[in-house]
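A closer look at the structure
Read off the chains here:
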Amino acid sequence: SLQVIIIIYLSVVGALLLYMAFLVLVDPLIRKQDAYTQPLHNEEDNEDTRSLAVPAPAGARANTVLERVEGAQQRWKRQVQEQRKTVFDRHKMLS
């Protein structure tokens, strides 16, 4: 019974270590930006920093992988909304 608990514990710790290694390897790919999207992301990042009213606590890591992914999702959603608006406006002008 104790051996089973130890095996489960080691399996969970091993899985978490593998996940951490995966994130460390994927992190540079997430941060990598090509030259075409660089100005757009910089402009949106400036908007994001202006819209933040509450600063992060000093002890917290500001650039975790999860926060970058969530930021990328928010930027993508804003881009999609802007594209929808542009397409709608063009369609409205052409009609």
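Residues numbered from 1 in each chain as written. Predicted model: local features only at pLDDT ≥ 70, side-chain atom pairs only at ≥ 80, totals over all residues. Heavy atoms only, no water.

**Section: the overall build of the protein chain**
The helix and strand tally for the protein chain stands at three helices and zero strands. Starting at the N terminus and ending at the C terminus, the protein chain contains elements arranged as α-α-α. When the 95 residues of the protein chain are sorted by exposure, 7% land in the buried category. Carbon and sulfur atoms make up 65% of the accessible area of the protein chain, which amounts to about 8700 Å² in all. (Helix = DSSP H or I, 4+ residues; strand = E, 2+ residues; numbered from the N terminus. Buried < 20%, exposed > 50% of the residue type's maximum accessible area, 1.4 Å probe, protein only. Areas by Shrake-Rupley, 256 points an atom, 1.4 Å probe, with all protein chains shown as cover.)

**Structural notes on a nonpolar patch on the surface**
A surface patch of nonpolar side chains, amounting to about 570 Å² of accessible area, comprises Leu2, Ile5, Ile6, Tyr9 and Leu10. Note on placement: Leu2 falls in helix α1 (residues 2-31). (Patch = residues over 30% accessible without salt bridge, like charges linked within 9 Å, V, L, I, M, F, W, Y side chains within 5 Å. Salt bridge = Lys/Arg side-chain N within 4 Å of Asp/Glu carboxyl O.)

**Points about the UniProt feature "transmembrane region" (unreviewed entry) in the protein chain**
Taken from the UniProt record, the annotation "transmembrane region" (unreviewed entry) applies to residues 6-26. For residues 6-26, helix accounts for 100% and strand for 0%, while the C-alpha atoms at its two ends are 30 Å apart. (UniProt positions renumbered as here; feature names shortened; annotations may be inferred.)

**Brief notes about helix α3 (residues 65-94)**
Given a rise of 1.5 Å per residue, 30 residues ought to cover 44 Å, and the 43 Å separating the end C-alpha atoms of α3 matches this to within 8%. All of the buried residues in α3 are Val65, Arg68, Gly71 and Arg75. (Expected span 1.5 Å × (residues − 1).)

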